[in-house]
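Topology and contacts: notes
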Amino acid sequence: MGARGERLVLAAVSAGLALLVFLPVLGRGFVLSYDMVFAPRQSLVPDALGLGSSLPRSVPADTVIALATAVVPGDLVQQAMLLLSLFLAAYGAARLVPTEQLGTRIVAATGYAWTAYFAERLFIGHWPLLLTYACLPWIARAALSLRESEPKALARLVLACVPAVLTPPGGVLAAVTAIVLAGPRKLGRTLGLAVVLDLPWLVPTLTRDGGSLSDPAGVAAFSARAESWGPAILSVLGLGGIWNGDVVPGSRGAPMAPVLILVTVAVALAGLRPLARRWGTPPARALLSLGVLGVVLAALATLPFGEPVLSWAMGHVPGAGLLRDAQKWVVWWALPVALGFALAVEAATARLRTEPARVALVAAAALFPLLTMPDLAWGGWGKIEAVRYPEDWNAVHRVLADDDRPGDVVALPLSTFRSFAWNGHRTQLDPAPRALPETVLVDDTLRVGAEEISGEDSRMDRVRAAKSPEDLSSAGIGWILVEHGTPGQLDPRLLIGAEPVWSGDWLTLYRTPGEPVVTETRSPFPVVLANGVALLSIVAALLCLKLPVRTLSRRRNSLLRKE
């Protein structure tokens, strides 16, 4: 089979995996699950650029989605993001593994795409992390090319990182991957690239009033959890261990699950020797070291002295909140496991004498992830489902869009998450900040079991202390949105004297009395400049890929490799 035919087969396998998971949610409607909130059209409010009072945790993702939904309906944007995340993960791993065997590439594709990490982050709604996960094989491939000083490698690395840097965690994951695999000789280029691409969230974070410290209580609440009878670090080694047990596939709690994890890791480690022979020892060692770092960071809060160290960092080190929900860092472990497992299977296949036996072993290895975790398929057997927003949301959107009254919106009852009958009573992030055309304040206090983690939005203190609509107006609130049919206590004093503007089965919108005291906003110039610099670097990378490479440069790179 030629190279083109092989690529077509790999693309078909990758597309098949994506459809096996997401086919039930295709069509018109939105998947609203925990943190995953898309809206028919998302507005470009100050928070989308990081200019609001909350930490820029979803910057520049909200800007990108706002621009995309101005052209394409939001549900189609969401479906494209989800499908591409699994397709690119599988296809990227297949192209990254150093082999000439199609079967080995397919084993790497399924081993990387069909994991507990992908399942748990999908069910909890962390779609930017899914895109980052999909990008890592492509980032690794481009970084290895840069390590070898191949033509246009830096431009390819820039473009490979773009989908990953939509949020701060994704930006850090992509940056460290590129830096480690490109090697110390390319540190200046990779570090510079990382800073430039992460400027859209770095600048608003550094210029934000109130700092970027986080509540230390989040360390225990969001630490890795054991998914079966084994310890938490064993679940982490199996690319799982997320803090929220409700999003863990049931198969991860099976009695045999820890044994299968140990077998998978042992096989993968055996396959790292052929990886080192084909890549060279330094890059293979770098990939393994990065994976081990991910495991340590993910399980740190469960290790001796880990929780006190992280708690201290949360309260004293700006930006240490990135270490909260630390299980996300185990993503670095996924590549060495998938590549090592595939190459170990290839080595075992070479020892078999008959072709049917070789085909059977490769097929079994490719199906192994699907058979051991079948409950990722078909939307997690119903964990995710596409639903439509009630018409109330469109009506409130029109009222706010047509009225030029100053002031922001506060969503009541005060709660970060909602549970509506129209979404099957699933836990979901309040959709108001993304579904409405004004800045919407929601209570960002998080409750995980018995733990309560303080929010980071400085304006919410005045909103929580309000006893009347006048108090809300003095805090810069011009509108009160009451969401019906969701758990939470509503203080009736906040509505006495407020003017009803629109009411439906699910939403009621009020005006606060008087003229809201509009708070001063930060100058948008530094943030706009940061976004412009990042965008310019992306455009430059695209142009670079279209420009011809000089013969002299090729000869110079060839000489450098020989030396």
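Quick look at the structure, then. (Residues numbered from 1 in each chain as written. Predicted model: local features only at pLDDT ≥ 70, side-chain atom pairs only at ≥ 80, totals over all residues. Heavy atoms only, no water.)

Looking at the overall build of the protein chain
Across its full length, the protein chain carries 24 helices and 11 strands. Taking 2.2 N^0.38 as the reference for a compact globule, 563 residues should give roughly 24 Å; the C-alpha atoms of the protein chain span a radius of gyration of 25 Å, in line with that estimate. For the protein chain, the C-alpha atoms occupy an extent of roughly 85 × 55 × 50 Å along the three principal directions. Within the span of the protein chain, comprising 563 residues, buried residues form 54% of the whole. The long-range share in the protein chain, meaning contacts at least 24 apart out of those at least 6 apart in sequence, stands at 77%. A total accessible area of about 24100 Å² is found for the protein chain, and carbon and sulfur atoms account for 63% of it. Computed over 49 positive and 44 negative side-chain charges, the inter-centroid distance for the protein chain is 17 Å. (Helix = DSSP H or I, 4+ residues; strand = E, 2+ residues; numbered from the N terminus. Rg over C-alpha atoms; globule rule 2.2 N^0.38 Å. Buried < 20%, exposed > 50% of the residue type's maximum accessible area, 1.4 Å probe, protein only. Contact = heavy atoms within 4.5 Å. Areas by Shrake-Rupley, 256 points an atom, 1.4 Å probe, with all protein chains shown as cover. Lys, Arg positive; Asp, Glu negative; His and termini not counted. Charge placed at Lys NZ, Arg CZ, Asp CG, Glu CD.)

Considering the packing of helix H8 (residues 153–161) against helix H23 (residues 525–546)
In contact at an axis separation of 9 Å, H8 and H23 are set at 135 degrees when each is read in the N-to-C sense. Of the possible angle classes, the one that applies to H8 and H23 is oblique. Crossing hand, H8 versus H23: left-handed. Along the contact surface, H8 presents Ala-155, Arg-156, Val-158 and Leu-159, while H23 presents Ser-537, Ile-538, Ala-541, Leu-542, Cys-544 and Leu-545. (Axes fitted to C-alpha atoms, helices over the stretch in contact; angles between N-to-C directions. Parallel < 35°, antiparallel > 145°, perpendicular 65-115°, else oblique. Left-handed = near helix turned anticlockwise from the far one by under 90°.)

Focus: the state of the cysteines
Here a disulfide denotes a covalent bond joining the sulfur atom of one cysteine to the sulfur atom of another. Enumeration over the complete set of coordinates arrives at 0 disulfides. Cys-135 takes part in no disulfide bond, and the closest cysteine sulfur to it belongs to Cys-161, at a distance of 7.8 Å. Considering cysteine sulfurs only, Cys-161 is the nearest to Cys-544, which forms no disulfide, with 15 Å between them. (Disulfide = S-S within 2.5 Å.)

Brief notes about the packing of H8 against helix H10 (residues 187–206)
At a closest axis distance of 11 Å, the pairing of H8 and H10 adopts a crossing angle of 35 degrees. For the pair H8 and H10, the sense of crossing is right-handed. Residues Leu-154, Leu-157, Val-158 and Cys-161 of H8 lie in contact with H10, whose contacting residues are Arg-189, Thr-190, Leu-193 and Leu-197. Across the contact of H8 with H10, the residue classes break down as 6 nonpolar, 1 polar and 1 charged. (Nonpolar A, V, L, I, M, F, W, Y, C, P; charged D, E, K, R; others polar.)

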